[in-house]
Amino acid sequence: MAEIEIKNIAKSFGDYQALHNINMTIQDQEFMVLLGASGCGKSTLLRIIAGLETATSGEVWIGGRRIDHLSPKDRGIAMVFQNYAVFPHLTVFENIGFGLRMQKLPNAEVERRVYRTAELMHIEQLLKRYSGELSGGQRQRVAVARALAMEPDVILMDEPLSNLDALLRMEMRAELKGVLAESKTTAIYVTHDQVEAMSMADRISVMHQGRIAQNASPVEVYRNPSEKFVAGFIGNPPMNFLPAVVASTGHWSVAGCEFAGPDAQATTIDFAIRPEDVSPSEAGISAVVRVVEPLGAHLLVTCDVDGHLFRAVLDSDLAIRAGDTITLAPQLDRIRWFDQTTTQAIC
Amino acid sequence: MAATHQTRASGRFVYVSGVVLLCAWVLVPLYFLLINTLSSPEAVNAFPKSFIPEFDLGSLTFFANFSGMLSALKNSIFVAAITMVLSITLGAPAGYALSRFEFRGKETFRFLILLTRAFPLPLLALPLAVMFIRTGIDDTIFGLALIHTTLALPFAVLITFSLFSGIPMELEEAAWTLGCTRLTAFTKVVLPLVLPGITASAIFAFVISWNEVFAAAVLTIENRTLTAFLLQNLDTSPLHLKFAGGFILVVPALVFIFAVRKYLFAMWGIANR
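Residues numbered from 1 in each chain as written. Chains lettered and ligands numbered in written order. Predicted model: local features only at pLDDT ≥ 70, side-chain atom pairs only at ≥ 80, totals over all residues.

*Asks:* I keep staring at the overall build of chain A and nothing clicks. Help me out?
*Replies:* Along the backbone of chain A there are eight helices and 20 strands. Taken over the C-alpha atoms alone, chain A extends approximately 75 × 45 × 35 Å along its principal axes. Taking all 347 residues of chain A together, the buried fraction comes to 40%. (Helix = DSSP H or I, 4+ residues; strand = E, 2+ residues; numbered from the N terminus. Buried ≥ 20, exposed ≤ 12 C-beta atoms within 10 Å, placed from the backbone.)

*Asks:* Honestly, the overall build of chain B in this entry has me stumped. Any pointers?
*Replies:* The helix and strand inventory of chain B stands at twelve helices and zero strands. What you see in chain B, going N to C, is helices and strands ordered as α-α-α-α-α-α-α-α-α-α-α-α. The proportion of buried residues among the 273 residues of chain B is 32%.

*Asks:* Sorry, what's going on with the sheet that holds strand β14 (residues 268–273) of chain A here?
*Replies:* In a beta sheet, neighbouring strands are held together by backbone hydrogen bonds and run either parallel or antiparallel to one another. Strand order in this open sheet of six strands is β13-β12-β11-β14-β19-β20 (chain A), and the pairing throughout is antiparallel. One side of each edge strand has no neighbouring strand; the edge strands of this open sheet are β13 (257–260) and β20 (345–346) of chain A. (Pairing = 2+ DSSP bridges.)

*Asks:* Any chance you could explain the interface of chain A and chain B here in plain terms?
*Replies:* Interfaces are often sized by the amount of accessible area the parts lose when they come together. At the junction of the two partners, chain A supplies 18 residues and chain B supplies 14 residues. Those elements giving two or more residues to the side of chain A that touches chain B turn out to be β6 (77–80) and α2 (92–102) of chain A. (Contact = placed C-beta atoms within 7 Å.)

*Asks:* Is there a simple way to think about the domain arrangement of chain B in this case?
*Replies:* Residue and element names in this part refer to chain B. On domain assignment, one finds that chain B holds domain 1 (1–65) and domain 2 (68–267). Computed from C-alpha coordinates alone, the two centres of domain 1 and domain 2 are separated by 30 Å. The interface of domain 1 with domain 2 comprises twelve residues on the first partner and twelve residues on the second. Of all the elements in the fold, those that place two or more residues in the side of domain 1 that touches domain 2 are α1 (2–37), α2 (41–45) and α3 (58–65). Looking at which element gives the most residues to the side of domain 1 that touches domain 2, the answer is α3, with five residues. (Domains from an automatic or database assignment.)

*Asks:* Just to check I follow, could you spell out the domain arrangement of chain A for this structure?
*Replies:* Residues and elements named next belong to chain A. The domains assigned to chain A are domain 1 (4–228) and domain 2 (240–346). The centre of domain 1, based on its C-alpha atoms, is set 39 Å off from the matching centre of domain 2. Across the boundary between the two partners, domain 1 contributes five residues, which contact six residues of domain 2. Looking at the side of domain 1 that touches domain 2 residue by residue, the classes come out as one nonpolar, two polar and two charged. (Nonpolar A, V, L, I, M, F, W, Y, C, P; charged D, E, K, R; others polar.)

*Asks:* Teacher, can you tell me more about the pairing of strand β7 (residues 154–158) of chain A here?
*Replies:* The side chains of a regular strand alternate between the sheet's two faces. All names here are of chain A. When you tally the buried positions in β7, you get five out of five residues, the bulk of the element. The side-chain alternation of β7 yields two buried faces, one formed by Val 154, Leu 156 and Asp 158 and the other by Ile 155 and Met 157. Direction of pairing for β6 relative to β7: parallel, over a ladder of four bridges. Looking across to β7, one finds that Ala 78 is bridged to Ile 155.

*Asks:* Is there a simple way to think about the environment of A:Leu100 in this case?
*Replies:* Residue and element names in this part refer to chain A. Residue placement: Leu 100 occurs in helix α2. Under the C-beta neighbour-count criterion, Leu 100 is labelled buried, with 24 such atoms within 10 Å. With 83 residues separating them along the chain, Leu 100 and Ser 183 place their C-alpha atoms 17 Å apart.

*Asks:* Before we go on, may I ask you to explain the packing of helix α7 (residues 141–165) of chain B against helix α9 (residues 182–211) of chain B in this structure?
*Replies:* Relative orientation and spacing of two packed helices are given, respectively, by the angle between their axes and the distance between those axes. Residues and elements named next belong to chain B. Orientation of α7 relative to α9, taken along the N-to-C sense of each, is 160 degrees, at an axis distance of 9 Å. With respect to each other, α7 and α9 are oriented roughly antiparallel. The crossing of α7 and α9 is right-handed. For the pair formed by α7 and α9, the contact residues are His 148, Leu 151, Ala 152, Phe 155, Ala 156, Ile 159, Thr 160, Leu 163 and Phe 164 on the first element and Val 194, Gly 197, Ile 198, Ser 201, Phe 204, Ala 205, Ile 208 and Ser 209 on the second. Counted by class, the contact of α7 with α9 contains twelve nonpolar, five polar and no charged residues. (Axes fitted to C-alpha atoms, helices over the stretch in contact; angles between N-to-C directions. Parallel < 35°, antiparallel > 145°, perpendicular 65-115°, else oblique. Left-handed = near helix turned anticlockwise from the far one by under 90°.)

*Asks:* Is there a simple way to explain unusual backbone geometry in this structure?
*Replies:* Most peptide bonds are trans, and most residues other than glycine sit at a negative phi. Residues and elements named next belong to chain A. The omega torsion across Asn 236 and Pro 237 is 0 degrees, close enough to zero to call that bond cis. Residue placement: Pro 237 occurs in the loop between α8 (228–233) and β11 (240–248). With a phi close to 25 degrees, Asn 21 is a non-glycine residue in the positive phi region. Secondary-structure assignment places Asn 21 in strand β2 (residues 16–26). Of the residues examined, Asn 21 has 14 C-beta atoms within 10 Å and is grouped as partly exposed. Phi angles above zero are rare outside glycine, and Glu 159 is one such case at about 45 degrees. Structurally, the position occupied by Glu 159 is in the loop between β7 and α5 (166–183).

This is the structure in structure tokens:
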């Protein structure tokens, strides 16, 4: 059992507050992804959990044991680093067995675990090589195998795939997810790649400026972003926003169309819709097409709605050209609303 | 096109002749040193010279049997060895600290390290001699080794600083998460990786001490090192003995520096792989 609890963790570097009171619970065997742009504090949080960085205040608990005062080696964690950190003076075998040797396990046990994890990561044939003789993808496999061989309660990964090329990344993504699910360890995975986050996570914590903007399942984060930042950050292309002016109680006028919406105090709020949730129709929001980008299955159409940027992902059979005026009808149950001052979602 | 070709050809000519001149400037005296050392006394004074050494070991054998010569050689080796040990045991931790930790005055500290080389030894020799006599470490191997350590230490710090900076912090952090303490992470991961470089910087300290003559001449009387000993005795010696003495001094230094040249480049941040 390795449930991770993060209680009121804050971290400042001099005057700069990198993390503001972070609270989070990660269930046993859960795959949690910390997602955010660079500088949002996600790596700092991971390093605090690992013990490579000390928090200014707050507590970290793993499996019911407070560990924030312990050194990294006593926390029951293993970590995979962005640049792999494979020891260049040791063979792949000794790299994977490094942590086991430190635990003074008998030779037979070290060998058994090294062979097992090497097999799991498909690197049995590389065991005698040195890291200088490996490709980036192979080094990444060694780094993961080294962490898994420790049979840790918790595995921490800091952008492990960001140095691989696109194809390899996609391959490793699926493989990592499978291997981790099988190993039954709790995992925290830091990335700035939303596709990675979406496809791997049981739960995503979107981080923004040192706090957690939303902590929910991937689909929930995508469908019901808790605030405007998340809506704009997740999804490619991101969500569209248009100002909505109150027409009557619970009804809002958006670019000349009226939609049923929340019963809010404010007179203007933000209307939001995903680009794929609109379709051309007789009645709807009128948009002037600026750019049409055919993407094979879809057309990415960039339009202008009342002077606001608006993107639509439409069927590629449609004959749309730049300069056309089209009418787009949003799918009503997919419309979301955001408060303009607090930027929070309004339900 | 023809003009560019010509410019390139003449540029190449200047480059090649520059390299040849520089090499000649270094190699020709060494070559003369070599053939004169390995020639009989008569051949050394003869003219014109032969460009092929005779492999006459007369001068060198004479030198080896010269009274005081072996003890001076022994002193030189001892002083250089102590210098080597002291500059690495003091310099490497400083280099590690400079590369790994952020602390107040770090830049000033680095500047001060360089500044220690700004004062010429002749300026410091007299006060040092007085101080050494007062503390009773004048004319001792250890006393001289202390001076040589001061000379070698800045290089030891800067070379090891660059060595440690070349080892990614992530490697150490990975070792910590895999069950190492700070110390075992250092001995099991960092040390094996920097060991060749540390050896090079130790050898460099050895050579600095081996070559140093001024402090050695001022601060020792009975326990002279080889450099000071030769300085004192060769002045009045015949030519072939001067060559032999020079040879004995130059060769170890040359061999050592050649062996560690890669790491000396690294000190100045020039990658040479």
